[in-house]
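Listed below are the residues making up each chain.
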Amino acid sequence: MEPRTTELDPRYSDPKAGALPWHQAQERLAAAEMFWLTTVRPDGRPHVTPLIAVWSAGALHFCTGPDERKARNLAENPEVVLTTGSGRFDEGTDLVVEGAAERVTDETRLRALAAVYEEKYGAEWRFEVRDGTFVGDGGPAVVFAVAPRTAFGFAKGDPFGQTRWRF
């Protein structure tokens, strides 16, 4: 999936900065090991939690136990934000992906995602696929895909820059 628009925001960018190409953002999303997921509780308060995720087929994918707070939040409101970055002020690129989390239940797709998880995170993250879920040592986990609706890239260091992609 390619963005409809790619814009460098001059208000938050050094004059010598350029917009980050989407393919570079995708490479960084695929390589990132840790993400922060923000969901919305039924009473409207945000809920933020760290988790691992994989980039595949134009979307970030994550899994969670069906009774965990994030899964319960998503049952009420699928809108999420996933963020990742270097954790440094003056180097790296922070990425923000906004979109709706959609449950993945197709077992062929889940098997492909399970292979991506294991390739990225190792045998500790090996999942079987059963009844539309991942099954691992911690029991069943539901899987969600978040295709970006809007994404932001924050280049830090020299030069600083803010890129927005709209899909």
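Throughout what follows, the structure given in this document is the object of discussion. (Residues numbered from 1 in each chain as written. Predicted model: local features only at pLDDT ≥ 70, side-chain atom pairs only at ≥ 80, totals over all residues. Heavy atoms only, no water.)

**Here we look at the overall build of the protein**
Helix and strand counts for the protein come out as three helices and twelve strands. In terms of overall dimensions, the protein is globule-like: its C-alpha atoms have a radius of gyration of 17 Å, near the 15 Å expected for 167 residues. In terms of overall dimensions, the protein has C-alpha extents of about 50 × 40 × 30 Å along its principal axes. Burial statistics for the protein: of 167 residues in total, 43% are counted as buried. Sequence separation of 24 or more characterises 62% of the internal contacts of the protein that already satisfy a separation of 6 or more. A gap of 4 Å separates the mean positions of the 20 positive and 25 negative side-chain charges of the protein. (Helix = DSSP H or I, 4+ residues; strand = E, 2+ residues; numbered from the N terminus. Rg over C-alpha atoms; globule rule 2.2 N^0.38 Å. Buried < 20%, exposed > 50% of the residue type's maximum accessible area, 1.4 Å probe, protein only. Contact = heavy atoms within 4.5 Å. Lys, Arg positive; Asp, Glu negative; His and termini not counted. Charge placed at Lys NZ, Arg CZ, Asp CG, Glu CD.)

**Description of a nonpolar patch on the surface**
A contiguous nonpolar patch, built from Met34, Trp36 and Val48 and spanning about 300 Å² of accessible area, is present on the exposed surface. Locating valine 48 in the fold gives a position in strand 3 (residues 46-51). Given a relative accessible area of 47%, valine 48 falls into the partly exposed group. (Patch = residues over 30% accessible without salt bridge, like charges linked within 9 Å, V, L, I, M, F, W, Y side chains within 5 Å. Areas by Shrake-Rupley, 256 points an atom, 1.4 Å probe, with all protein chains shown as cover. Salt bridge = Lys/Arg side-chain N within 4 Å of Asp/Glu carboxyl O.)

**Re unusual backbone geometry**
Residues other than glycine predominantly adopt negative phi, and peptide bonds predominantly adopt the trans conformation. Of note, the bond from aspartate 158 into proline 159 is cis; its omega dihedral lies within 30 degrees of zero at 5 degrees. Residue placement: proline 159 occurs in the loop between strand 11 (150-155) and strand 12 (161-166). Of note, the phi angle at alanine 57 is positive, near 50 degrees, even though the residue is not glycine. Of note, alanine 57 is situated in the loop between strand 4 (54-56) and strand 5 (59-64). Taking relative accessible area as the criterion, alanine 57 reaches 73% and is therefore assigned exposed. Even without glycine at this site, aspartate 131 takes up a positive phi of about 55 degrees. Positionally, aspartate 131 belongs in the loop between strand 8 (128-130) and strand 9 (133-136). The exposure class assigned to aspartate 131 is exposed, which follows from its relative accessible area of 69%.

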